[in-house]
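What follows is each chain in one-letter form.
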Amino acid sequence: MPLLHIGFDDTDSRQGMCTTYLAYKVVNFLLKRNARFVDYPLLIRLNPNIPWKTRGNGAVALRVEVDDKSNVMDGIRTIVENNSHIGNGANPGLVFYSGEHIPADVREFASNALYDVMSRNKAKEIASKHGIRTFALGNGQGIVGALSAIGTMLKDHTFEIISYRKLENCGAMREIGKENVITMAKRTFPNTYNNYDYSHDRILITPRGPDPIFCGIRGEDPDTLLQAFFMLNIPEKLDGYMIFRTNHGTNMHLTHEFDLTTLKAYTSGYVRGVIASEPYAIKGGHAFFMLRTEHGSALCAVYEPTGLSQLAQKLGVGDVIEIGGGVRKATSKHPKVVNVEYFRILHVAPKFSYMNPLCKKCGKRLKSDGKEKGYKCEKCGVKERSAQKIVIEIRREIKEGLYIPVPKAHRHLTKPLQRYGMEKNGYEHVLNPNWYCNFVSENLSQVRFV
Ligand SMILES: [Zn+2]
């Protein structure tokens, strides 16, 4: 039976609702129709440096074997239409592709959508070439993400278990024990990440808004995430949970190398170069410096909330670094600038200061006696025609290494420090049978696994 690949995006808006909750509903619908999932629901974060994205720029893909495709597609279309916040800023897109393998140009479109700005027309053109059915609401921008979601092939990946509230509880405060979160974080380390921000004493797994997500725990494998979720002993009666396979925490958007001759606005990527101007800070503590490569140079910004701005100010001319980040468009007030999301100091250039020599007779520091005339002592009048300046190497306060933002400044795609060296290179298509759950009872301990 050929697979049905279902992609959707941009169903949420800044007012609430979210694409993952819609995915949870669509999965419920599919399971009731005996769909067999060949992969976890995929939650794909696309280029985060596009200003017209919704909150997280997250798109969802589902890959299933299912009978009666035509009815299933109609049903999903109805769910998307009824649950999207059209008119509140959402421009949903929905695509269906029936086939075993995703065509090469769909995969290429998807891999570009991770760092570049892709057009709706290009998405529609590729879709029609391969008989991919598309449904667009609002301005149709969601087609780009929906097509990209089905086309993204995840090598390195992480998982997220997202739990959902009963709709009547949305908007109420989320009750969650801080101690439980800390215990869970410690017991599951390093296979979960960004649960708790110790330096700011803040729980990171619960969102703030009125949306239906209760909490989301991110980590390396579904087994650990299930254990982690139940360790929380959440008192609220939840609707259920679902495990997504994602590109969270992979830096997947930063794998494209910037070309500084054609640095395109809103693209994401990385570049290696030499610091070409002494860093300076502006009001608010944001640091700026010029980075130069053989192809050109770019102004780079390290913002204060990243926690890296103080360190960036200690960089100096001649230091070799790699930066990853996104390009902010030039405006009448600002030039084009690369907003830095991490930096790696590859070489710390030695820095020197130069001082006049001392008087051999009385020990006082000599003064210059004029250009190319050497030095003279103001105290005893000795002249030193051939004396040289004394060179002193200044101690640098930075070390070679990788520097990433503090957890509260992480974006979905930011690779946390603990994941460096833990990257995956593929995926065995075996699903944990408990990847989806709708709590049948009001008691969290009596769960029914579908
Ligand atoms: Zn002297």
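Fair warning: this is a prediction, and the values are worked out from it, not measured in the lab. (Residues numbered from 1 in each chain as written. Predicted model: local features only at pLDDT ≥ 70, side-chain atom pairs only at ≥ 80, totals over all residues. Heavy atoms only, no water.)

Undergrad: Sorry, what's going on with the coordination of the zinc ion here?
TA: Four donors placed tetrahedrally about a metal ideally form angles of 109.5 degrees, and six donors placed octahedrally ideally form angles of 90 or 180 degrees. At 2.3 to 2.4 Å from the zinc ion lie its protein donor atoms, namely Cys359 (SG), Cys362 (SG), Cys377 (SG) and Cys380 (SG). Taken together, the four donor atoms coordinating the zinc ion span angles of 100 to 122° at the metal, a pattern that classifies the geometry as tetrahedral. Look at where the donors of the zinc ion fall in the sequence and you get C-x2-C-x14-C-x2-C. Taking the relative accessible area as the measure of exposure, Cys380 reaches 30% and is therefore partly exposed. (Donors = N, O, S within 2.8 Å, 3.2 Å for Na, K, Ca; no water. Tetrahedral: all angles 85-135°; square planar, octahedral: opposite > 155°, others 65-115°. Buried < 20%, exposed > 50% of the residue type's maximum accessible area, 1.4 Å probe, protein only.)

Undergrad: Please explain the packing of aromatic side chains as it appears in this structure.
TA: Geometrically, a pair of aromatic rings is defined through the distance of the ring centres and the angle of the planes. One pass over the full model with this rule turns up 16 aromatic pairs. Here Tyr280 and Phe288 contribute two aromatic rings whose centre-to-centre distance is 5.7 Å and whose plane-to-plane angle is 15°, an arrangement assigned as stacked. Here Tyr280 falls in the partly exposed class, since its relative accessible area comes to 40%. Clustering of aromatic rings is evident, with ring pairs tying together Tyr21, Tyr24, Phe37, Tyr164, Trp435 and Tyr436. Residue placement shows Arg245 over the ring face of Tyr427; its charged tip is 3.8 Å from the ring centre. (Phe/Tyr/Trp six-rings, centres within 6.5 Å; stacked < 30°, edge-to-face > 60°. Lys NZ or Arg CZ within 6 Å of the ring centre and 35° of its normal.)

Undergrad: Hey, could you run me through the pairing of strand β5 (residues 93-98) in this one?
TA: It is a general feature of regular strands that their side chains alternate between the two faces of the sheet. Counting buried residues in β5 gives five out of six residues, a clear majority hidden from the surface. For strand β1 (residues 4-9) and β5, the ladder comprises six bridges, and the chain directions are antiparallel. Paired with Phe8 across the two strands is Leu94, which belongs to β5. Where β5 lies against strand β6 (residues 133-136), four bridges are found, and the strand directions are antiparallel. (Helix = DSSP H or I, 4+ residues; strand = E, 2+ residues; numbered from the N terminus. Pairing = 2+ DSSP bridges.)

Undergrad: Just checking my understanding: could you explain the environment of Leu263 for this structure?
TA: Structurally, Leu263 can be placed in the loop between β12 (238-246) and β13 (268-275). Along the sequence, Leu263 and Gly296 sit 33 residues apart, while their C-alpha atoms lie 9.5 Å from each other. Not counting chain neighbours up to four residues away, the residues in contact with Leu263 comprise Phe258, Ala298, Val327, Lys336 and Val338. (Contact = heavy atoms within 4.5 Å.)

Undergrad: When you look at the nonpolar core in this model, what are you seeing that I'm missing?
TA: Most often, soluble globular proteins have nonpolar side chains that are buried together. Grouped together as the largest cluster of nonpolar side chains are 60 residues, with contacts concentrated most on Ile6, Leu30 and Ile76. Ranked by residue count, the leading element in this core is helix α1 (residues 19-32), at eight residues. With residues up to four places along the chain from it excluded, the contact list for Ile6 reads Leu30, Val60, Ala61, Leu62, Val64, Ile76, Leu94, Val95, Phe96 and Ile150. Core analysis: the second largest hydrophobic core is formed by 26 residues, Leu42, Ala61, Phe109 and Ala123 among them. (Core = buried A, V, L, I, M, F, W, Y, C linked by side-chain atoms within 4.5 Å.)

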